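Read off the chains here:
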Amino acid sequence: MRSLIRVLVVTTIIVGASHSFAQSESALTLDKNVLTLSAARTIIAAAEAEATKRGLGVVTVVVDDAGTVIQLSRMDAAQIASVNVGIGKARTAAIYRRPSRVFEEQIRDGRVAALALADATPLQGGVPILINSKVVGAVGVSGDSPQVDEEIAIAGAKAIATAK
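A brief report on the enclosed structure follows.

Cut-offs used in this document
Residues numbered from 1 in each chain as written. Predicted model: local features only at pLDDT ≥ 70, side-chain atom pairs only at ≥ 80, totals over all residues. Heavy atoms only, no water. Salt bridge = Lys/Arg side-chain N within 4 Å of Asp/Glu carboxyl O. Helix = DSSP H or I, 4+ residues; strand = E, 2+ residues; numbered from the N terminus. Buried < 20%, exposed > 50% of the residue type's maximum accessible area, 1.4 Å probe, protein only. 1 Å grid on protein atoms, 1.4 Å probe; cavity = no way out; pocket = protein on both sides within 12 Å on 5 of 7 lines; lining within 4 Å. Points joined across faces, edges and corners; volume = space filled by probe spheres on them. Nonpolar A, V, L, I, M, F, W, Y, C, P; charged D, E, K, R; others polar. Contact = heavy atoms within 4.5 Å. Pairing = 2+ DSSP bridges. Axes fitted to C-alpha atoms, helices over the stretch in contact; angles between N-to-C directions. Phe/Tyr/Trp six-rings, centres within 6.5 Å; stacked < 30°, edge-to-face > 60°.

Thoughts on the pattern of salt bridges
- With the rule as written, the count across this model stands at 8 salt bridges.
- Note that Glu-151 and Arg-54 form a salt bridge whose closest N and O atoms lie 2.8 Å from each other. With Glu-151 in helix 5 (residues 146-163) and Arg-54 in the loop between helix 2 (37-53) and strand 1 (59-64), this pair connects stretches of sequence that are 97 residues apart.
- Owing to a relative accessible area of 34%, Arg-54 belongs among the partly exposed residues under this scheme.
- Between Asp-119 and Arg-91 there is a salt bridge, with the nearest N and O atoms lying 3.4 Å from each other. A residue pair is termed long-range when its members are at least 10 positions apart, and Asp-119 in the loop between helix 4 (101-108) and strand 3 (126-131) and Arg-91 in helix 3 (residues 82-95) qualify at 28 residues.
- A relative accessible area of 53% places Asp-119 in the exposed class.
- Taking relative accessible area as the criterion, Arg-91 reaches 23% and is therefore assigned partly exposed.
- Within the structure, one salt-bridge network assembled from shared partners comprises Glu-50, Lys-53, Arg-54 and Glu-151.

Describing the layout of surface pockets
- Of the volumes computed, that of the largest pocket is approximately 160 Å³.
- Per-class residue counts for the lining of the largest pocket are 3 nonpolar, 1 polar and 4 charged.

Focus on the side chain of Lys-89
- By the element assignment, Lys-89 lies in helix 3.
- The buried category is assigned to Lys-89, whose relative accessible area is 3%.
- Once you skip the residues sitting within four places of it in the chain, Lys-89 turns out to touch Ser-100, Thr-121, Leu-123, Gln-124, Gly-125, Gly-126, Gly-140, Val-141, Ser-142 and Asp-149.

Here we look at unusual backbone geometry
- The phi dihedral of Arg-97 falls on the positive side, at around 60 degrees, and the residue is not glycine.
- Structurally, Arg-97 can be placed in the loop between helix 3 and helix 4.
- The phi angle at Asn-132 is positive, at roughly 55 degrees, despite the residue not being glycine.
- Locating Asn-132 in the fold gives a position in the loop between strand 3 and strand 4 (134-142).
- Under the relative-accessibility criterion, Asn-132 is labelled exposed at 59%.

Observations concerning the sheet that holds strand 1
- Here 4 strands make up an open sheet; going across it, the order is 2-1-4-3 and the pairing antiparallel. Sheet topology places strand 2 (69-74) and strand 3 at the edges, where each strand pairs with a single neighbour. The sheet shows a mean angle of 15 degrees between the axes of neighbouring strands, direction not considered.
- In this sheet, strand 4 lies alongside strand 3 in antiparallel orientation, the contact comprising 6 bridges. Bridge pairing links Leu-130 to Val-135 in strand 4.

Things to note about the pairing of strand 4
- Summarising burial for strand 4: 8 of the 9 residues are buried, a large majority.
- Where strand 1 meets strand 4, 6 bridges bridge the pair, whose relative direction is antiparallel. Across the sheet, Asp-64 pairs through a bridge with Gly-137, a residue of strand 4.
- The hairpin turn running from strand 3 into strand 4, its antiparallel successor, is 2 residues long, and Asn-132 in that turn takes a positive phi close to 55 degrees.

Notes on the packing of aromatic side chains
- As enumerated under the stated definition, the model contains 1 aromatic pair in all.
- Each ring, one from Tyr-96 and one from Phe-103, has its centre 5.1 Å from the other, and the planes form 65 degrees; the classification is edge-to-face. Neither residue differs from the other here; Tyr-96 and Phe-103 are each classed as buried.

See the structure below:
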């Protein structure tokens, strides 16, 4: 009788555990929106239109949510150094899920520890791209003043918000 009870208890535990695992198995992956090359081109076109309207040449970079470059464009009048700066701004906004401006402000306000953040470029001009309140990537702009770079980046990011 005791061994029958043990078998029933063990069987109940195994069945319960496998049922729990089966229920949680669906939580092992996530569905997420991903920026397409077409979306990146739309963002860059809008940013460059804003830069052209202002008579500026900038570098515009669109990255995915992990900070990997999808598309980069350097306008004819943009300085070469802006390429790496633009990538850094976009990556920062994507992987930290906030505008790169936040880190520049923290440092300016005395939080120099923000300089130690891995892969952060604490310069204004990188903004996250949101779809359904989730960061799906970011756009970084470099080539003019910090405020203008951010305004151009925002113009690019807005192109996706209106295209949905």
